[in-house]
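Observations on chain architecture
Okay, here's what each chain looks like letter by letter:
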Amino acid sequence: MEYLKAFVVGGLICVVGQIILDTTKLTPAHILVIFVTAGVVLGGLGLYEPLVKFGGAGATVPLPGFGYSLAKGAMEGAKSKGIIGAFTGGLEATAGGVAAAIIFGYIMALVADPKTKN
Amino acid sequence: MAIKRIGTRTVKLENPPSILSTYTIVGPKEGEGPLREYFDEILEDDLWGQESWEKSESKIQEETIKSAIANAGLATKDIDYLLSGDLLNQIITSGYTARQISVPFFGLYGACSTMSQSLSLGSMLIDGGFADKVVCATSSHFSTAERQYRFPLEYGNQRSFSAQWTVTGAGATVLSSSGNGPYITYVTTGKIIDPGIKDVNNMGAAMAPAAMDTLINHFKDTGFSPSDYDLIITGDLGIVGKNIVLELMAKEGYDLKGIYTDCGVEIFNNIEQDTHSGGSGCGCAATVFNGYIYKEMLKGTLNRVLLMATGALHSPVITQQGESIPGIAHAVTIDVNKG
Amino acid sequence: MDNLNKKDYQKYAERKIPKPTYFKNIILAFIVGGLICVVGQIIRNTLFKYGLDEKAVAAGTSIILVFLGAFLTGIGVYDKIGKIGGAGAAVPITGFANSIVSPAMEFKREGFIFGVAAKMFSIAGPVLVYGVGSSIIVGILKLLLTKGR
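The name given to chain C in an unreviewed UniProt entry is Stage V sporulation protein AC, with the source organism recorded as Tissierella simiarum.

Chain A appears in an unreviewed UniProt entry as Stage V sporulation protein AE from Tissierella simiarum.

Following this line, the structure appears as structure tokens:
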């Protein structure tokens with residue numbers, strides 16, 4: 001059941017992205033920015049939390065979940081450490097993913113070469 | 001007194017330069033397309049033993065030019081001018097190619113219109129008495145164009161149906177003041193026409209009005225009608241652009257059905273090879289002309305052809321600033337007779 | 001063509017574009033995106049089994065998914081998943097990894113400083129700028145609103 005919920009919630013979030021891609025001239029880069037910002041805003045308003053409770057990874061794995069984590073981290077930081085926490089909280093909460101992207105990106109660039117499409 | 005000009009935009013070449021030889025090299029995907037038998041060389045690997053796509057493209061252009069010169073029974077010292085261009089910033093492919101082929105060199109930028117641009121200027125140099133042997137060449141490479149204009153190769157994006165596929169390949173033509181043809185007989189130079197299209201995934205629509213403008217003026221200047229040609233072929237308008245030209249030219253009173261097609265439509269099996277609207281890039285018109293068209297003219301199946309390579313003269317910088325895509329098309333008449 | 005009506009032509013050209021296969025694209029985005037999230041859920045549950053707390057599980061899941069996205073990009077598979085799945089491949093965090101790894105690989109030939117490192121965030125950079133930027137605003141707003149009470 002948990003997996004089904006994750007599948008449906010995650011799938012639906014991606015469908016929203018696909019509809020925007022196909023009906024507008026926006027690029028995937030635009031979609032990513034819109035989704036992460038939407039996640040931050042919804043997270044800040046407390047509207048994303050219920051979706052995470054319901055969908056689990058289906059809500060946290062898509063980029064709005066990344067935005068939600070940023071917002072949640074910033075708000076928790078603000079609560080515990082004040083203004084400094086508002087600055088550090090977001091990145092603290094998401095540091096794992098960002099750091100992983102940097103190091104794995106670099107390693108992949110070292111070991112792999114791009115292949116042409118056909 | 002410009003005695004060779006006719007009408008407003010056309011030059012009638014008094015002593016039409018003859019094509020002595022051509023050569024084409026294409027990448028593996030083009031080599032699987034419907035025109036494969038017309039290409040002189042098909043690469044198995046589009047990196048061709050080089051360290052980068054850019055170096056590979058330069059090698060492709062260089063080998064194409066050298067082989068075209070050799071096919072004409074000439075040596076590089078016999079060549080008065082090399083006219084070439086490509087899509088990359090500062091036309092580095094052509095510059096680095098010319099570094100290897102030590103002949104007087106004019107680098108051209110006409111985006112994908114470069115093949116007919118170089119043929120236009122090369123013909124005029126010869127007919128003007130400034131040169132006896134001129135090489136006209138151009139190239140493009142899918143992987144160099146993708147990284148300059150679009151996304152990294154390993155980025156997982158979807159391509160829109162109006163998008164086109166940059167041809168990996170180069171074509172070169174050796175023009176001479178003497179020879180047995182086919183000859184370049186007329187040159188109609190395009191103006192920039194910008195219909196205000198901003199969608200870089202819809203180049204065909206952005207360039208189609210430029211092609212129509214050149215074509216209509218060519219007919220007016222020369223007195224030709226579509227039926228005077230065995231083939232009228234644009235460079236890389238793709239399926240979308242080709243349909244626009246057919247429809248709007250009919251409205252202008254020119255029925256092009258059965259005579260007109262587009263190199264980008266012909267070079268790939270667009271459905272099977274998943275190239276969407278068709279091929280594009282300088283190499284598209286260059287390989288189709290120097291491969292398919294030239295060889296069919298030698299066989300005698302085509303006697304008079306109008307080649308009209310089309311270019312979109314934009315860059316990612318200026319389109320990101322919100323500018324639209326200016327189009328251009330240059331036409332050259334290639335005739336097995338001297339006109 | 002000098003008298004071409006640009007507005008009319010643009011509308012005409014827009015109609016000439018073949019429409020995307022909406023239904024197929026949506027179904028594929030749903031399936032691919034959904035499956036990636038199921039993988040995420042499996043990783044989450046596994047990490048919980050090892051007794052990690054919520055924060056460590058969240059971070060660990062992201063790290064593993066980013067690794068998978070990076071790895072599949074490196075071996076030349078993720079661009080194919082993206083072609084099929086569209087937003088279903090782009091929107092999950094694995095797509096974020098793909099957007100970082102693909103330019104890093106692509107620009108290796110321009111060197112490790114101005115190539116790999118500088119280009120790495122050419123697509124993902126804006127995500128961090130807007131995500132982190134807006135989260136700071138949210139944090140500050142939270143501070144102001146709770147103080148006001």
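Between chain C and chain B, the contact holds 33 residues from the first and 37 residues from the second. Connecting chain C to chain B are 4 salt bridges. In this structure, the salt-bridge partner of B:Arg147 is C:Glu106, at a minimum N-O distance of 3.0 Å. Summed over the shared surface of chain C and chain B, the result is 15 residue pairs in polar contact (both at pLDDT 80 or more).

Bringing the packing of aromatic side chains into the picture now. Per the counting criterion, the structure on display carries 14 aromatic pairs over all chains. Taking 5.5 Å as the distance between ring centres and 35° as the angle between the ring planes, the aromatic pair formed by A:Phe66 and C:Phe96 counts as tilted. Within this pair, whereas A:Phe66 is found in helix H5 (residues 63–81), its partner C:Phe96 is found in helix H6 (residues 93–106), the two belonging to separate chains. With respect to burial, A:Phe66 and C:Phe96 carry one shared label: buried. On the numbers, 5.2 Å between centres and 80° between planes, the contact of B:Tyr186 with B:Phe224 is edge-to-face.

This part takes up the packing of helix H6 (residues 83–111) of chain A against helix H3 (residues 54–74) of chain C. Orientation of H6(A) relative to H3(C), taken along the N-to-C sense of each, is 25°, at an axis distance of 8 Å. With respect to H3(C), the element H6(A) is oriented roughly parallel. As H6(A) packs across H3(C), the resulting crossing turns out to be right-handed. Note on element contacts: H3(C) touches H6(A) through C:Ser62, C:Ile63, C:Val66, C:Phe67, C:Ala70, C:Phe71 and C:Gly74, opposite A:Gly96, A:Gly97, A:Ala100, A:Ala101, A:Phe104 and A:Met108. Class assignment for the residues of the contact of H6(A) with H3(C) results in 9 nonpolar, 4 polar and no charged.

Residue and element names in this part refer to chain B. The buried count for strand E3 (residues 18–26) comes to 8 of 9 residues, which makes it a mostly enclosed element. Strand direction decides the pairing type here: E3 and strand E9 (residues 169–176), joined by 8 bridges, are antiparallel. Note on E9: the bridge partner recorded for Thr-22 is Thr-173. Relative to strand E4 (residues 41–42), E3 runs parallel, the two being bridged by 2 bridges. The residue of E4 that forms the bridge with Val-26 is Ile-42.

Okay, a positive patch on the surface next. Taken together, B:Lys251, C:Lys7, C:Lys11 and C:Arg15 make up a surface patch of like positive charges. A per-element tally of the positive patch places helix H1 (residues 6–16) of chain C first, with 3 residues. With respect to the helices and strands, the residue B:Lys251 is situated in helix H7 (residues 238–251). What makes B:Lys251 exposed here is its relative accessible area of 67%.

Our focus in this paragraph is the pattern of salt bridges. For side chains bearing opposite charge, pairing can occur when the charged atoms are close. With the rule as written, the count across this model stands at 22 salt bridges over all chains. Between B:Arg9 and B:Asp213 there is a salt bridge; the shortest N-O distance is 2.9 Å. Of the two residues, B:Arg9 is situated in the loop between strand E1 (5–6) and strand E2 (10–12) and B:Asp213 in helix H6 (residues 203–222); the sequence distance between them amounts to 204 residues. Given the relative accessible area of 3%, B:Asp213 is considered buried. A network of salt bridges, in which partner residues are shared, links B:Glu54, B:Arg147, C:Glu106 and C:Glu110.

The rules we used
Residues numbered from 1 in each chain as written. Chains lettered and ligands numbered in written order. Predicted model: local features only at pLDDT ≥ 70, side-chain atom pairs only at ≥ 80, totals over all residues. Heavy atoms only, no water. Contact = heavy atoms within 4.5 Å. Salt bridge = Lys/Arg side-chain N within 4 Å of Asp/Glu carboxyl O. Polar contact = N/O pair within 3.5 Å; in protein donor to acceptor, adjacent residues only side chain to side chain. Phe/Tyr/Trp six-rings, centres within 6.5 Å; stacked < 30°, edge-to-face > 60°. Helix = DSSP H or I, 4+ residues; strand = E, 2+ residues; numbered from the N terminus. Buried < 20%, exposed > 50% of the residue type's maximum accessible area, 1.4 Å probe, protein only. Axes fitted to C-alpha atoms, helices over the stretch in contact; angles between N-to-C directions. Parallel < 35°, antiparallel > 145°, perpendicular 65-115°, else oblique. Left-handed = near helix turned anticlockwise from the far one by under 90°. Nonpolar A, V, L, I, M, F, W, Y, C, P; charged D, E, K, R; others polar. Pairing = 2+ DSSP bridges. Patch = residues over 30% accessible without salt bridge, like charges linked within 9 Å, V, L, I, M, F, W, Y side chains within 5 Å. Areas by Shrake-Rupley, 256 points an atom, 1.4 Å probe, with all protein chains shown as cover. Lys, Arg positive; Asp, Glu negative; His and termini not counted. Charge placed at Lys NZ, Arg CZ, Asp CG, Glu CD.

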